[in-house]
Amino acid sequence: MNEILSWILDTVSSVDPVWRTLIAGVAMLLETSILLGLIVPGDTVLLVTATGVQGPVQYFALALASIVGALAGESIGFMLGRYFGPRIRHSRLGRRIGERHWQRAERYLDRRGGIAVFLSRFLPVLHSLIPVTVGMSTMAYRRFIAWTLPACVIWSFAYVTAGSAAAGGYRELADRLHFAGYIFVGVIVVFVIAVIVVKKLIARGEERHMDGAPENEPAPERE
């Protein structure tokens, strides 16, 4: 196990840090963009690239790149929604997403406003649809960014910390423990399970705001 894992981590580390950082940033941009976000595993790319982090400079550079990439992707989604929202929604690709998902995103935003923007970063499907849906609403861009920024920061630092900490711990133990590789895998598995549990808890808690009869709550206003 140690030999295989060491080879994988060494391969990731051998990639120029600048390229690793750019790859993670682009992956997050695509992951938060409309439609592409449904198929691009940005979180997986970020976790893998984080295993190659060596030192605080690379750590913060990777986290910053992922945050900027996520914000750029969500900003693109917002602008697409602002200028082309109805066309996207009724396009062939928009129809493949399903009208139900569009309605859920719209209803969720109407009922929860900025909180929906923040929490959608941790919800499947909605993390790609909410930026476009916000663009089609009356919410101002600066309000949208104010709510999505902290979510992107939490998301990015969580993944970068988990990947870099697990890989760093493994490198320290690899020469002393023959089962160090299993510890590394265990840490990653625990992190992934924790992320899944958190997502499910958030989804369960917010489900009532996405489905059911409309509530008499004012829609977010443009600032």
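Cut-off values and rules
- Per chain, the residues get numbers from 1 upward, laid out in the order the sequence is written.
- Note on the predicted model: pLDDT of at least 70 is required for a residue's local features to be given, and 80 or more for side-chain atom pairs to be given and counted; whole-chain, interface and lining totals, by contrast, use all residues.
- Only hydrogens and water are set aside when side-chain values are computed; all heavy atoms of the structure are taken into account.
- Helix numbers and strand numbers start at the N terminus; a helix is a DSSP run of H or I with at least 4 residues, a strand a run of E with at least 2.
- In this treatment the radius of gyration is a C-alpha quantity, and the globule benchmark scales as 2.2 Å times the residue count to the 0.38 power.
- The cut-offs for exposure are 20% and 50% of the maximum accessible area for each residue type, with area from a 1.4 Å probe on protein chains only; residues under the lower value are buried, those over the upper are exposed, and the others partly exposed.
- Note on definitions: a residue-residue contact is assigned when non-hydrogen atoms from the two residues lie within 4.5 Å.
- Surface accessibility follows the Shrake-Rupley procedure with a 1.4 Å probe radius. Residue values consider only the protein chains on display as shielding.
- Charged residues are defined here as Lys and Arg on the positive side and Asp and Glu on the negative side; His and the ends of the chain fall outside this count.
- Just so you know, the charge point we use is NZ for Lys, CZ for Arg, CG for Asp and CD for Glu.
- Helix span is expected to be 1.5 Å times the residue number reduced by one.
- Picture the helix axis, draw a direction to every C-beta atom, and the arc is the one those directions span.
- Basic side-chain nitrogens of Lys or Arg form a salt bridge, by our definition, when they fall within 4 Å of a carboxyl oxygen of Asp or Glu.
- Any two rings among Phe, Tyr and Trp, with Trp reduced to its six-membered ring, count as a pair given centres within 6.5 Å; such a pair is stacked if its planes are under 30 degrees apart, edge-to-face if over 60, and tilted if neither.
- To sit over a ring, a charge needs its Lys NZ or Arg CZ within 6 Å of the ring centre and within 35 degrees of the ring normal.
- Within a predicted model, pLDDT stands for the predictor's per-residue confidence, ranging from 0 to 100.

(A) Fine view of the overall build of the protein chain. Each helix and strand in the protein chain was counted, giving 10 helices and 0 strands. Along the protein chain, from the amino end to the carboxyl end, the secondary structure elements read α-α-α-α-α-α-α-α-α-α. Taking 2.2 N^0.38 as the reference for a compact globule, 223 residues should give roughly 17 Å; the C-alpha atoms of the protein chain span a radius of gyration of 19 Å, in line with that estimate. Each principal axis of the C-alpha atoms in the protein chain carries an extent, and together these give about 60 × 30 × 30 Å. In the protein chain, which comprises 223 residues, the proportion classed as buried is 46%. Considering only contacts within the protein chain whose residues lie at least 6 apart along the sequence, 78% involve residues at least 24 apart. Surface exposure of the protein chain reaches about 11500 Å², of which carbon and sulfur atoms provide 68%. Charge centroids of the protein chain, computed over 22 positive and 18 negative side chains, lie 7 Å from each other.

(B) Local environment of helix H2 (residues 17–31). For H2, which comprises 15 residues, the first-to-last C-alpha distance of 21 Å matches the rise-based estimate of 21 Å (1.5 Å per residue) to within 8%. All buried positions along H2 are accounted for by Arg 20, Thr 21, Ala 24, Gly 25, Ala 27, Met 28 and Glu 31. For H2, the buried positions fall inside an angular range of 160° around the axis, keeping them on one side. Of the exposed residues in H2, the ones pointing more than 90 degrees away from its buried face are Val 18 and Trp 19.

(C) Local environment of the pattern of salt bridges. Per the counting criterion, the structure on display carries 6 salt bridges. Residues Arg 104 and Glu 207 are paired through a salt bridge, measuring 2.9 Å at the closest nitrogen-oxygen approach. One end of the pair, Arg 104, is in helix H6 (residues 99–112); the other, Glu 207, is in helix H10 (residues 180–210), and 103 residues separate them in sequence. Among the residues examined, Arg 104 registers a relative accessible area of 12% and is labelled buried. The exposure class of Glu 207 is partly exposed, given its relative accessible area of 31%. The residue Arg 112 makes a salt bridge to Glu 206 at a minimum N-O spacing of 2.9 Å. Taken together, the residues span a long stretch of sequence, with Arg 112 in helix H6 and Glu 206 in helix H10 at a distance of 94 residues.

(D) Looking closely at the packing of aromatic side chains. In total, this model carries 11 aromatic pairs according to the counting rule given. An angle of 90° between the planes, with centres 5.0 Å apart, marks the rings of Tyr 59 and Phe 60 as edge-to-face. By relative accessible area, which is 48% here, Phe 60 ends up partly exposed. Arranged with centres 4.8 Å apart and planes meeting at 35°, the rings of Trp 155 and Tyr 159 form a pair that is tilted. With a gap of 4 residues between them, Trp 155 and Tyr 159 both fall in helix H9 (residues 141–173), about one helical turn apart. Counting every residue linked through ring pairs, the aromatic cluster contains Phe 118, Phe 122, Trp 155, Tyr 159 and Phe 191. The residue whose ring lies beneath Arg 121 is Trp 155, and the NZ or CZ to ring-centre distance is 4.5 Å.

(E) View of the confidence of the model for the protein chain. With 91% of its residues at a pLDDT of 70 or more, the protein chain shows a mean pLDDT of 86. At the level of individual helices and strands, the protein chain shows its lowest average pLDDT in helix H5 (residues 92–97), which scores 82, and its highest in helix H7 (residues 114–120), which scores 94. In this model, residues 216–223 is a region of pLDDT below 50 whose contacts with residues beyond four sequence positions or in other chains number 22 contacts.

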